[in-house]
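# Structural overview
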Amino acid sequence: MRDLPQPKFATYNVQLQVTGSDFILTRQPNDKAEIRLNLSSRHGKSDVAFPAAYRKSDDLTSVKTLEGFWGTIRSPLFNPTWNGVADWIRYGVNGRPDSATATPSPTPAANGLPVIGAVRAMGVAFYDVSDAGTATCANGDSAHRVHLIARNNPLDHPLTDAVIDERTNRLCFVRFAMRQSVVAVGYTNTIELNIANVNGESLIRTGTIQFTLRAMGFGVRRVTMTFAYDNVEFPASLTADMFPAPK
């Protein structure tokens, strides 16, 4: 997957549905977009669509808010490319900090084990990998599943399952989970991504996030977000207004 070319430019719509919370997307005065989940509310917004764009030169995405303004954003929720998958796994829903740069592709280990990802969090050297049997990709292709258990630091290495398309030998599904507890309060966060070919590019097609907050061992709050990308195009260039210069 690390050797797959990334599109120079892409435009698409991001379809979102949230239950258990309100989803808020706004553009800040510095022309950056920001997403928040309002956990004080249990009312989700159904079938909200946001136009978005991706630019490879700086691995940056931009989204058009409901107010009609474009704002740049690092959250991988708006990045369906393989770099977006890598950011999901390494940084979570908030995405890569502005001070961070894209991690270079690693080289195979000295023992010859292949590397199945573009970031440290996905190198097989950090996991115990077991055969999980046959599977099926979302597009119906026959596939094979592997199960992964982090050898240490599971929060830094959250990948738990991967499905490989037997026809293309590419990943068509990844699942990762993060669990943490502090005294009597804890949370579980699982993310599943379906990946497929779109006009020669391997892109995320659909995904699901489930967040559960627990207190004293009981689930007290659950938020579910489903998302999909449609109307995907790969233009030769993007209009200047899509990526406003940061203030």
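Residues numbered from 1 in each chain as written. Predicted model: local features only at pLDDT ≥ 70, side-chain atom pairs only at ≥ 80, totals over all residues. Heavy atoms only, no water.

As a further point, take the layout of surface pockets. In this model, the largest pocket occupies a volume close to 900 Å³. Ile35, Ser75, Val93, Asn94 and Gly95 are, among the 38 residues lining the largest pocket, the residues nearest its centre. Taken together, the elements giving at least two residues each to the lining of the largest pocket come down to β3 (33-38), β6 (70-73), α1 (82-91), β11 (185-198), β12 (201-215) and β13 (218-233). The dominant element in the lining of the largest pocket, judged by the number of residues it contributes, is β3, at 5 residues. Taken together, the residues of the lining of the largest pocket sort by class into 23 nonpolar, 6 polar and 9 charged. (1 Å grid on protein atoms, 1.4 Å probe; cavity = no way out; pocket = protein on both sides within 12 Å on 5 of 7 lines; lining within 4 Å. Points joined across faces, edges and corners; volume = space filled by probe spheres on them. Helix = DSSP H or I, 4+ residues; strand = E, 2+ residues; numbered from the N terminus. Nonpolar A, V, L, I, M, F, W, Y, C, P; charged D, E, K, R; others polar.)

According to the stated counting rule, one finds 2 cavities of 30 Å³ or more in the structure shown. The volume enclosed by the largest cavity comes to roughly 40 Å³. Taken together, Asp59, Leu60, Thr61, Ile73, Arg74, Ser75, Pro76, Asn79, Asp87 and Arg96 make up the lining of the largest cavity. A class-by-class count of the residues in the lining of the largest cavity yields 3 nonpolar, 3 polar and 4 charged. Roughly 40 Å³ of internal volume is contained in the second largest cavity. Lining the second largest cavity we find Leu4, Pro5, Gln6, Pro7, Trp82, Glu201 and Ser202.

What the rule picks out here adds up to 4 aromatic pairs. Considering the side-chain rings of Phe50 and Phe78, the 6.5 Å spacing of their centres and the 80 degrees angle between planes classify their relative orientation as edge-to-face. In this pair, Phe50 sits in strand β4 (residues 48-55) while Phe78 sits in the loop between β6 and α1, placing the two residues 28 residues apart along the sequence. Residue class for Phe50 comes out buried when judged on its relative accessible area of 2%. Between Trp88 and Phe227, the ring centres sit 5.7 Å apart and the planes meet at 15 degrees, which makes this aromatic pair stacked. Note that Trp88 is positioned in helix α1 and Phe227 in strand β13, a separation of 139 residues in sequence. Judged by its relative accessible area of 0%, Trp88 is buried. Overall, the relative accessible area of 3% leaves Phe227 in the buried class. (Phe/Tyr/Trp six-rings, centres within 6.5 Å; stacked < 30°, edge-to-face > 60°. Buried < 20%, exposed > 50% of the residue type's maximum accessible area, 1.4 Å probe, protein only.)

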